[in-house]
Amino acid sequence: MLDLTGKNALVTGIANNRSIAYGIAQQLHQAGANLGITYLPDEKGRFERKVAELVDPLKPSLFLPCDVQDDAQITETFTEISKTWDKIDILIHCLAFANRDDLTGEFINTSREGFKTALEISSYSLTRLSQAAAPLMTQGGSIVTLTYLGGVKVIPNYNVMGIAKAALEMSVRYLAAELGPKNIRVNAISAGPIRTLASSAVGGILDMIHHVEKIAPLRRTVTQLEVGNTAAFLSSDLASGITGQVIYVDSGYEIMGM
Ligand code: NAD
Ligand code: 0WE
């Protein structure tokens, strides 16, 4: 039985009801986990209100702003966490960002700033958050991040995000090797394309989804809740022997050669 009762789970990356992180939070909650939610603050506080309303039924014991580009916010987040929780068991890293200009046209034109931004937010943040969370994972732990096939194979327009995901997947392996002796496991879920705020801002996402529906063994795309179930599994004791892995939740699309 998948049982997360007594476990404290910090979930990053919820922007709205389509966010993969929201699907994960729902499944962790259903399995009995105690939730802490972080969101990206904006000047008008619009995100804060929307996300707070959305997660209210999941009864989070923590709700904190955390922009991963800001070290002070990360420190503040984990200081607040340690006041409320005696330990962290689960960290869900479910965020990515690249400048929009860098997700169209030719990869070769990527600017220095664009490259830095994409890798700082989408790759380095996993290491930075793990650095902050690991000392609180005193009973062992599970860190789960989200990646995409574009980090392993060339997907048109994914461009600099592909480089960021390659760095993210390799970070999973280095972190898994270092944190293993503390019984902290680190894994990635490689999800197939799903309509979310981030993916919908990208031209041609619907065509990609239709392509997957034609080619993938299961002849459909996956849902946020299916990704959530795999995250809950990886976060549970059922996955106690799994670390450093990239697990594809993509209707089998990745196995196809043509
Ligand atoms: P989303 O837009 O719902 O989530 C992206 C999140 O990143 C948002 O909550 C946003 O606030 C957050 N974020 C951006 N910059 C941040 C910063 N500086 N600090 C803190 N948070 C920041 O989109 P999503 O599709 O659910 O994306 C979640 C993860 O899933 C990403 O890592 C993405 O690469 C991955 N993924 C998505 C798909 C897909 O097709 N949607 C497929 C595979 C993997
Ligand atoms: O990782 C992602 C989305 C990443 C993303 C999306 C945006 C759009 C809006 C990162 N940064 C931004 N910045 C913005 O300003 N996915 C896996 C979804 C996705 O994005 C693609 C895809 C797929 C699939 C981009 C090009 C091609 C395919």
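Residues numbered from 1 in each chain as written. Chains lettered and ligands numbered in written order. Predicted model: local features only at pLDDT ≥ 70, side-chain atom pairs only at ≥ 80, totals over all residues. Heavy atoms only, no water.

Asker: Describe the overall build of the protein chain, naming the residues involved and giving the relevant values.
Answerer: Helix and strand counts for the protein chain come out as 8 helices and 7 strands. Taking 258 residues into account, the globule formula puts the C-alpha radius of gyration at 18 Å, and the protein chain, at 17 Å, falls close to it. In terms of principal-axis extent, the alpha carbons of the protein chain reach across some 50 × 40 × 35 Å. For the protein chain, the proportion of its 258 residues judged to be buried stands at 51%. Within the protein chain, residue pairs in contact and separated by at least 24 positions form 77% of the contacts whose partners lie at least 6 positions apart. Total accessible area computed for the protein chain in this model is approximately 12,700 Å², and 54% of it derives from carbon and sulfur atoms. (Helix = DSSP H or I, 4+ residues; strand = E, 2+ residues; numbered from the N terminus. Rg over C-alpha atoms; globule rule 2.2 N^0.38 Å. Buried < 20%, exposed > 50% of the residue type's maximum accessible area, 1.4 Å probe, protein only. Contact = heavy atoms within 4.5 Å. Areas by Shrake-Rupley, 256 points an atom, 1.4 Å probe, with all protein chains shown as cover.)

Asker: Account for the site of ligand 1, naming residues and giving values.
Answerer: Surrounding ligand 1, one finds 25 residues, the nearest of these being Gly13, Ser19, Lys165, Ile194 and Thr196. Contact distances for ligand 1 include 3.4 Å between an oxygen atom and a backbone N or O atom of alanine 15. Between isoleucine 194 and ligand 1, the recorded distance is 2.8 Å, taken from a backbone N or O atom to an oxygen atom. Within the complex, 92% of the 820 Å² of free accessible area of ligand 1 lies under protein. Counting only elements with at least two residues in the shell around ligand 1, the list comes to strand E5 (141–147) and helix H6 (197–200). (Near = heavy atom within 4 Å. Polar contact = N/O pair within 3.5 Å; in protein donor to acceptor, adjacent residues only side chain to side chain.)

Asker: Before we move on, could you go through helix H8 (residues 224–235) and cite the residues and values that matter?
Answerer: Here H8 contains 12 residues, and its C-alpha end-to-end distance of 16 Å stays within 8% of the 16 Å for a straight helix at 1.5 Å per residue. Within H8, the full set of buried residues consists of Gln224, Val227, Gly228, Thr230, Ala231, Ala232, Leu234 and Ser235. Of the surrounding elements, those touching the buried residues of H8 are helix H1 (20–30), strand E4 (90–93), E5, strand E6 (184–191) and strand E7 (246–249). (Expected span 1.5 Å × (residues − 1).)

Asker: Just give me the short version of the pattern of salt bridges, but keep the residues and values in it.
Answerer: Across all of its chains, the model carries 6 salt bridges by this definition. In this structure, aspartate 237 and lysine 7 form a salt bridge, with 3.2 Å as the shortest nitrogen-oxygen distance. Of the two residues, aspartate 237 is situated in the loop between H8 and E7 and lysine 7 in the segment before strand E1 (8–11); the sequence distance between them amounts to 230 residues. Judged by its relative accessible area of 56%, aspartate 237 falls in the exposed class. (Salt bridge = Lys/Arg side-chain N within 4 Å of Asp/Glu carboxyl O.)

Asker: Which residues make up the site of ligand 2, and what values do they have?
Answerer: What surrounds ligand 2 is a group of 14 residues, the closest being Ala98, Tyr158, Ala198, Val202 and Met208. In the environment of ligand 2, a nitrogen atom lies 2.8 Å from a nitrogen or oxygen atom belonging to the backbone of alanine 98. Within the side chain of tyrosine 158, a nitrogen or oxygen atom sits 2.7 Å from an oxygen atom of ligand 2. In isolation ligand 2 has 590 Å² of accessible area, and contact with the protein removes 88% of it. Taken together, the elements giving at least two residues each to the shell around ligand 2 come down to H6 and helix H7 (205–215). Each residue belonging to the shell around ligand 2 can be placed in one class, and the counts come to 11 nonpolar, 2 polar and 1 charged. (Nonpolar A, V, L, I, M, F, W, Y, C, P; charged D, E, K, R; others polar.)

Asker: I'd love a proper account of a positive patch on the surface, names of residues and values included.
Answerer: The grouping of Lys44, Arg46, Arg49 and Lys50 at the surface amounts to a positive patch. One can find arginine 46 in helix H2 (residues 46–55). On the accessibility criterion, arginine 46 (52% relative accessible area) is exposed. (Patch = residues over 30% accessible without salt bridge, like charges linked within 9 Å, V, L, I, M, F, W, Y side chains within 5 Å. Lys, Arg positive; Asp, Glu negative; His and termini not counted. Charge placed at Lys NZ, Arg CZ, Asp CG, Glu CD.)

Asker: So what's going on with the environment of tyrosine 22? Residues and values would help.
Answerer: Looking at the secondary structure, you find tyrosine 22 in helix H1. Taking the C-alpha atoms as reference points, tyrosine 22 and leucine 64, 42 residues apart in sequence, are found 15 Å from one another. Each residue touching tyrosine 22, except ones within four places of it in the same chain, is listed here: Ile14, Asn16, Asn17, Leu54 and Leu58.

Asker: Any chance you could break down the environment of glycine 45 for me, citing the residues and the numbers?
Answerer: With respect to the helices and strands, glycine 45 occurs in the loop between strand E2 (34–39) and H2. For glycine 45, a relative accessible area of 16% translates into the label buried. Along the chain, glycine 45 and threonine 223 lie 178 residues apart, while their C-alpha atoms are 28 Å from each other.

Asker: Describe the pairing of E1, naming the residues involved and giving the relevant values.
Answerer: The alternating pattern of E1 places Asn8 and Leu10 on one face and Ala9 and Val11 on the opposite face, and all of these are buried. The pairing of E1 with E2 spans 4 bridges and is classified as parallel. Looking at E2, one finds that asparagine 8 is bridged to asparagine 34. (Pairing = 2+ DSSP bridges.)

Asker: Tell me about the sheet that holds E7, and name the residues and values.
Answerer: Either a parallel or an antiparallel arrangement is found when strands of a sheet pair, and the pairing is made through backbone hydrogen bonds. The strand order across the open sheet built from 7 strands is E3-E2-E1-E4-E5-E6-E7, with neighbouring strands paired in parallel fashion. One side of each edge strand has no neighbouring strand; the edge strands of this open sheet are strand E3 (62–65) and E7. Strand-to-strand twist in this sheet, taken as the mean axis angle between neighbours without regard to direction, amounts to 20°. In this structure, E1 lies alongside E4, joined through 3 bridges in parallel fashion. Bridging across to E4, alanine 9 finds its partner in isoleucine 90. The sheet contacts of helix H3 (residues 71–84) involve E1, E2 and E3, and relative to E3 the element is tilted by about 165°. (Axes fitted to C-alpha atoms, helices over the stretch in contact; angles between N-to-C directions.)

Function cannot be inferred from these measures alone, as they are strictly geometric.
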